Structure formats: structure tokens, C-alpha cells
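Close look at the chain arrangement
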There are 2 protein chains.
Amino acid sequence: MSPRRSGGLAGPAVDLAADDRLADGLDADAFRAAFRNHAAGVAVITADAGDGPVALTATSVFSVSATPPLLVFSISALSSAAPTIARAGSVVVHLLDADQVELGRLCATSGVDRFADRDRWERLPSGEPVFRDAATRIRGTVVNRLEAGTSTLVVVHATHATSTAGAHAGPLVYHNRTWHALGEGSRI
Amino acid sequence: MSPRRSGGLAGPAVDLAADDRLADGLDADAFRAAFRNHAAGVAVITADAGDGPVALTATSVFSVSATPPLLVFSISALSSAAPTIARAGSVVVHLLDADQVELGRLCATSGVDRFADRDRWERLPSGEPVFRDAATRIRGTVVNRLEAGTSTLVVVHATHATSTAGAHAGPLVYHNRTWHALGEGSRI
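Residues numbered from 1 in each chain as written. Chains lettered and ligands numbered in written order. Predicted model: local features only at pLDDT ≥ 70, side-chain atom pairs only at ≥ 80, totals over all residues.

Side note on the overall build of chain A
- Helices and strands together make up the secondary structure of chain A, namely four helices and twelve strands.
- Across the 188 residues in chain A, those meeting the buried criterion constitute 53%. (Helix = DSSP H or I, 4+ residues; strand = E, 2+ residues; numbered from the N terminus. Buried ≥ 20, exposed ≤ 12 C-beta atoms within 10 Å, placed from the backbone.)

The structure is reproduced here in C-alpha cells:
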């Protein structure tokens with residue numbers, strides 16, 4: 001990050017729109033720095049477009065509408081799962097509890113076979129791979145995609161869900177390369 | 001929630017796609033129940049489309065691309081800020097630290113003037129209202145909108161940012177109607 005840019009981010013003064021040097025948009029480092037303190041719930045997304053199961057850990061899942069039941073997530077073009085997600089007609093979104101951090105780590109680790117442990121997952125009757133130990137599993141059909149820079153926003157219409165969330169642990173949260181568990185101790 | 005629906009959500013068995021009764025999509029209650037254990041970072045979004053400042057608390061902000069620097073959020077059509085956000089050419093996204101929970105509460109409370117305290121906010125040179133005490137403030141232009149059920153996805157190209165995030169507290173997190181602070185105690 002250049003001194004000019006870090007200076008724009010460092011201070012408490014409001015100088016957001018005063019710096020014409022940034023008129024074409026923040027550089028990537030400054031943008032990442034601004035989002036570094038943003039926390040997010042953790043999900044694992046799975047799909048199979050006909051050539052084998054894929055899974056990725058995502059911190060970009062949120063619900064956008066209850067009627068109809070729609071959720072959205074984003075996937076980077078750099079993700080190994082991106083080509084499959086780009087073609088898949090349906091996905092399973094697993095929302096993780098804190099005691100499922102290992103599943104979150106597994107699906108965030110590149111170069112490993114995320115489906116090597118055959119006991120850990122099965123297939124739905126409709127064909128999608130699903131991890132057994134995720135707290136909440138939502139199956140849905142992809143109803144829209146929107147290109148956004150180097151990522152794609154995927155809009156999913158939820159058709160089925162099952163959940164044991166909160167039975168043993170609070171939700172899993174990711175922040176600045178660390179994993180957190182919400183509970184009474186974190187409550188404000 | 002009907003017994004049939006709660007039964008589909010309650011058990012540990014994977015029966016997501018076996019229930020044809022849900023073929024047209026989850027009902028709203030079941031969908032909300034599935035997302036109840038999903039946590040999220042907290043943001044306040046402000047804008048002014050020419051007829052006065054608006055602000056809303058959102059748990060639906062994430063970064064989708066660093067090059068170009070794009071973020072997305074969703075806004076419900078029911079939000080009082082929705083008509084302004086629908087017309088605004090630019091917004092400010094404030095990412096909140098845990099010590100800014102009062103600002104998050106203020107902008108989540110309906111029927112109050114979120115700009116009554118004139119010392120709490122100012123205007124950027126480009127006109128957008130900005131709250132002084134938010135940890136991270138990102139100003140950007142709206143580059144795309146996507147209708148998704150009862151909400152609108154808004155894609156924002158970030159042009160400027162300033163941050164003091166993490167200086168005093170960890171990020172603010174929202175989960176199932178409670179506010180949480182991340183810190184060493186919540187770390188896994």
C-alpha cells in the first residue's frame with residue numbers, strides 16, 4: 001500500500017470524498033483493508049454440475065427475501081469450484097455452527113480433496129452433495145447470476161431446508177483470518 | 001409454523017429433497033428459521049437522493065471483488081430508506097465496531113429521526129451523509145441493482161474509504177436479535 005493510500009485509511013478524519021486521486025476507485029489493498037474488520041457468518045456451498053462434487057467455504061451468504069425464499073452468495077472466479085457453480089442448476093448452502101469449524105477449514109483449504117472422507121457426506125435424492133454434520137442445510141435452485149468484477153453473485157431460490165443449528169454451539173464467525181464462536185461471553 | 005414444516009427442519013436426518021410438499025419453495029417461516037443461526041457483521045448505510053438523508057442498519061454487506069473494488073448489500077422494500085436507496089447514485093457504507101452498537105441500534109429503530117443529533121454526522125463534499133463515529137466508512141457509486149423477491153441487491157463501486165477499525169474494539173456482529181463483540185474470548 002502506498003503512503004498516500006494508507007494515509008487515506010489511517011486517520012479518524014472524514015476525508016472520503018476529498019481525495020481526487022482515488023476518483024477511479026480504491027485500489028485493491030485499500031479496499032481489502034477497509035473490509036478487514038468486517039465479520040461474517042460461515043457457510044459451505046456444494047454443487048455438482050455432472051462432473052463431480054465441489055465445495056467451498058463462503059463468508060458471503062445472506063438471505064435477501066423470505067417471500068419468495070431467496071438467498072445470495074458470491075464466488076470468486078479464482079475459486080476451484082467456480083466453473084461448477086457457474087453451470088450448476090442447484091446448490092446446497094450449509095450454515096455452520098462453531099463446532100463445525102473443521103468443515104469450514106476443510107472447504108477453505110486449496111489442493112485437498114474435500115470429499116475424501118466418504119462418511120462425511122452423501123447425496124440428496126436430487127443429486128447434490130451434502131455434508132452430514134453441518135448445522136443447517138438449505139437446498140435451492142439457482143435463479144439468477146450477476147457478474148461483479150472478478151466474482152459472480154448467485155441468487156438461489158430455497159426449496160428445502162433442515163437444521164439442528166444451535167443444538168450444541170453458537171454460529172461460526174470468520175474475521176480477519178480467525179474463526180470465532182458466538183455465545184454468552186460475546187454478547188453485548 | 002405447521003408441524004409438517006417444523007418437522008422438516010427439526011431433525012438431524014438429511015431429508016432436504018425428499019419432501020415434495022416443499023417443491024414450490026420453503027415457506028417464509030421455514031426459511032427464516034433456517035437462517036436464524038447465521039451471524040453477520042453489522043453495517044449502517046446512508047444516502048441522500050436529494051430529499052434528505054436516510055440511514056439503515058444492514059447485516060447484508062459483503063465485498064465481492066477487489067479489482068474493481070465492489071461491494072454488495074440488500075435492502076428490503078419495507079425499509080423506510082428503500083425509496084431513497086432506489087434512486088441514490090452513491091452511498092456510504094459504515095462497517096461498525098462493537099463500541100458503535102448504539103449507532104447500529106439507532107439505524108435499526110423505526111420511527112426515530114436517525115439524524116436528530118447534528119453532532120453525530122456531517123456531509124461529505126460529494127453530499128452523502130456520514131456518521132462520524134463509525135469505524136470504517138466506504139463511499140461508493142451504485143453501479144447495478146438486481147430485484148430479488150421483496151428486496152433489491154445493490155452493487156457499489158467503492159471510490160473512497162477511511163478506517164479506524166479495530167482501534168478500540170472488535171467488529172460488531174448480529175445474530176438472532178442479539179448483538180455480539182468479537183474478541184480474544186470468542187476466538188476458536
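Right, picking up where we left off after that structure.
Details of the sheet that holds strand β9 (residues 136-148) of chain B
- Spatially, seven strands are ordered β3-β2-β6-β9-β10-β5-β4 (chain B) in an open sheet, and the strand pairing comes out antiparallel. Edge positions in the sheet fall to β3 (54-58) and β4 (62-66) of chain B, since each of these pairs with one other strand and no more. In this sheet, adjacent strand axes meet at a mean angle of 35° when their direction is disregarded.
- Two elements, strand β2 (residues 43-47) of chain B and strand β6 (residues 90-95) of chain B, share four bridges in a ladder whose sense is antiparallel. Each bridged residue has a counterpart across the sheet, and for B:A43 the counterpart in β6(B) is B:L95.
- Where helix α2 (residues 28-35) of chain A meets the sheet, it contacts β4, β5 (69-76), β9 and β10 (151-163) of chain B, and its direction lies at approximately 105° from that of β10(B). (Pairing = 2+ DSSP bridges. Axes fitted to C-alpha atoms, helices over the stretch in contact; angles between N-to-C directions. Contact = placed C-beta atoms within 7 Å.)

Overview of the nonpolar core
- Among the nonpolar cores identified, the biggest contains 116 residues, and A:L71, A:V93, B:L71 and B:V93 are the most heavily contacted of them.
- Here A:L71 is in contact with A:V61, A:F62, A:S63, A:V64, A:V93, A:I138, A:G140, A:V156 and A:A158, once residues within four sequence places are set aside. (Core = buried A, V, L, I, M, F, W, Y, C linked by C-beta atoms within 7 Å.)

Observations regarding the sheet that holds strand β4 (residues 62-65) of chain A
- The seven strands are arranged β3-β2-β6-β9-β10-β5-β4 (chain A) in an open sheet whose pairing can be described as antiparallel. Each having just a single partner strand, β3 (54-58) and β4 of chain A make up the two edges of the open sheet. Across the sheet, the axes of successive neighbouring strands diverge by a mean angle of 35°, strand direction being ignored.
- Its contacts with the sheet put helix α2 (residues 28-35) of chain B on β4, β9 (136-148) and β10 (151-163) of chain A, and the angle it makes with β10(A) is roughly 105°.

Looking at the environment of B:T109
- Its place among the elements puts B:T109 in the loop between α4 (101-106) and β7 (121-123).
- What makes B:T109 exposed here is the crowd of 10 C-beta atoms within 10 Å.

A short note on unusual backbone geometry
Residue and element names in this part refer to chain A.
- Going from T67 to P68, the amide bond is cis rather than trans, its omega being 0°.
- As for its placement among the helices and strands, P68 is situated in the loop between β4 and β5 (70-76).
- Despite not being glycine, N176 shows a phi value in the positive range, around 50°.
- Here N176 shows up in the loop between β11 (172-175) and β12 (178-181).

Section: the confidence of the model for chain A
Residues and elements named next belong to chain A.
- This prediction gives chain A a mean pLDDT of 87; 87% of its residues lie at or above 70.
- Contacts from residues 1-23, a stretch scored under 50 in pLDDT, to residues over four places away or in other chains number 43 contacts.
- The complex model carries a pTM of 0.87, and its ipTM stands at 0.86. (pLDDT = per-residue confidence, 0-100.)

Concerning the relation of the copies chain B and chain A
- In the superposition of chain B on chain A (RMSD 0.0 Å, axial shift 0.0 Å), the rotation amounts to 180°. Seen this way, the second copy is the image of the first under a two-fold rotation axis. Judged by C-alpha distance, B:A40 is the residue of chain B that lies nearest the rotation axis, at 2.3 Å.
- Mapped onto chain A, 100% of the interface residues of chain B are again interface residues, and the two copies thus contact each other with one and the same surface. (Least-squares fit on C-alpha atoms with pLDDT ≥ 70 in both.)

Structural notes on the pairing of strand β2 (residues 43-47) of chain A
All names here are of chain A.
- For β2, the tally of buried residues reaches five of five residues, placing the bulk of the element in the interior.
- The side-chain alternation of β2 yields two buried faces, one formed by A43, I45 and A47 and the other by V44 and T46.
- Relative to β3, β2 runs antiparallel, the two sharing five bridges. Across the sheet, residue A47 finds its bridge partner in β3, namely V54.
- Linking β2 back to β3 in an antiparallel pair, the connection comprises six residues, with G50 at a positive phi of about 115°.

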